[in-house]
Amino acid sequence: MSLTFAGPAPGRWLADALAPAFAVPGGAETVAGQVPRGYEAYARVFHPARDDDGAPVRWADIAALRGTVLHGGAQFADLAGLDEYGYALVEDAWDGDAPEQYGLPQPDLGHLAAVLAAHTTTPGALYLGLWPGYGWVRGGDAVSLLGTGPSQDDAGAPAGAPAGGAAAADGLQERLAMEAEAKRPAFGPEVLDGPQLSIGPEGYRSYLVFEGTSGDLAAPLWKDGRWSRERQAPNLAWPRDRAWVLSTELYEDSTIIAGSAALVRELSAHAGLEVRAVDADTGLGADADRVNAAPDPGGP
């Protein structure tokens with residue numbers, strides 16, 4: 001892993017730049033609550049939904065099916081005919097999975113990182129912010145092992161194999177090793193107990209900040225193990241020259257970018273991404289969609 005713990009100092013400018021948004025009622029739920037004002041242009045990158053087979057589906061395709069409109073301030077629930085909990089409000093509501101709320105999936109993140117790398121003079125010097133609350137960051141009892149690959153019986157032997165013997169012992173040892181790896185913290189105490197970057201009012205959001213490269217942004221490797229790798233998309237990213245800023249708030253189904261007009265044009269034209277231009281005042285809250293009305297389940 002080329003990511004190096006940097007501490008909060010490289011991101012203090014970002015905390016200062018975002019502070020005014022939190023002083024305005026509702027400001028935290030706008031684009032300017034995630035990325036600073038003062039950039040030439042802004043973009044919203046929509047995380048894909050999933051159909052019943054797990055294939056990615058664009059918001060625009062769902063909108064076309066329902067007669068709704070994809071725009072910069074669109075909210076998935078209103079666009080897809082769902083309530084705030086994801087339940088269908090109307091007959092033609094989207095019945096697949098909602099978009100990912102923990103960051104862009106691959107290969108979208110790779111596409112985005114490649115474009116961003118071309119719009120900074122420091123692609124080899126990026127800062128990535130990671131929310132420290134993911135269970136795998138500290139490990140321990142916050143992590144549960146849900147599966148171990150091939151089906152096994154209660155004794156630890158592969159399904160269908162005779163109970164007991166060397167196979168059972170080997171299977172048990174492997175399961176114990178997998179559990180130990182899953183519960184191992186992703187970082188050492190110098191990171192876990194180190195200073196964090198605080199954004200917004202006290203307790204609003206904190207991040208572990210690392211220095212890396214555009215390659216780390218494309219496929220960040222936070223924790224490497226024999227059985228698993230943690231490649232969670234970062235919650236914040238910006239290059240040393242501050243040419244752009246990326247933000248993916250927790251529980252948000254889109255990623256916000258601030259940068260140049262040329263960057264936003266290239267992102268909007270990218271075949272591998274679903275992007276709409278926005279401005280600093282575009283609302284991102286659950287009730288921010290001013291084009292698609294929330295469906296009335298009692299209506300015609």
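A brief report on the enclosed structure follows. Within each chain, residues carry numbers counting from 1 in the order of the written sequence. Reporting of local features is limited, given that this is a predicted model, to residues whose pLDDT is at least 70; pairs of side-chain atoms are given and counted only at 80 or more, and all residues count toward the totals for whole chains, interfaces and linings. Water and hydrogen atoms play no part in the side-chain values, which are based on all heavy atoms of the structure.

## Brief notes about the pattern of salt bridges
Note the cut-off: The working definition used for a salt bridge is a side-chain nitrogen of Lys or Arg within 4 Å of a carboxyl oxygen of Asp or Glu. Numbering of helices and strands runs from the N terminus, with a helix taken as a DSSP run of H or I at least four residues long and a strand as a DSSP run of E at least two residues long. Each residue's exposure class comes from its accessible area (1.4 Å probe, protein chains only) as a fraction of the maximum for that residue type: buried when under 20%, exposed when over 50%, partly exposed otherwise.
Enumeration over the complete set of coordinates arrives at six salt bridges. Among the ionic pairs, R44 bridges to D253, the shortest N-O distance being 3.7 Å. One end of the pair, R44, is in strand β2 (residues 41-46); the other, D253, is in the loop between β11 (245-247) and β12 (254-259), and 209 residues separate them in sequence. Residue classification places D253 among the buried positions, given a relative accessible area of 11%. Here R205 makes a salt bridge to E249, at a shortest N to O gap of 3.1 Å. One end of the pair, R205, is in strand β7 (residues 205-212); the other, E249, is in the loop between β11 and β12, with 44 residues separating them in the sequence. The two residues R205 and E249 agree in class, both being buried.

## Here's the deal with helix α2 (residues 59-66)
Heads up, the condition is: Comment: arc refers to directions from the helix axis out to C-beta atoms. Residues are treated as being in contact if the distance between any of their heavy atoms lies within 4.5 Å.
Those residues of α2 lying buried are W59, I62, A63 and R66. Down the axis of α2, the smallest arc covering the buried residues is 100°, so these residues share one side. Opposite the buried face of α2, by more than 90 degrees, sit the exposed residues A64 and L65. Buried-residue contacts for α2 involve β2, β3 (49-50), β4 (56-57) and α3 (76-80).

## Considering a negative patch on the surface
We apply this condition: Each patch groups residues whose relative accessible area exceeds 30% and which form no salt bridge, using 9 Å between like charges and 5 Å between nonpolar side chains of Val, Leu, Ile, Met, Phe, Trp and Tyr. The Shrake-Rupley method, run with a 1.4 Å probe, gives the accessible areas here. Residue values count only the displayed protein chains as cover. Neither His nor the chain ends contribute to the count of charged residues, in which Lys and Arg are positive and Asp and Glu negative. Think of each charge as sitting on NZ of Lys, CZ of Arg, CG of Asp or CD of Glu.
A surface patch of negative charge is lined by D52, D53, D95 and D97. D95 sits in the exposed class, given a relative accessible area of 59%.

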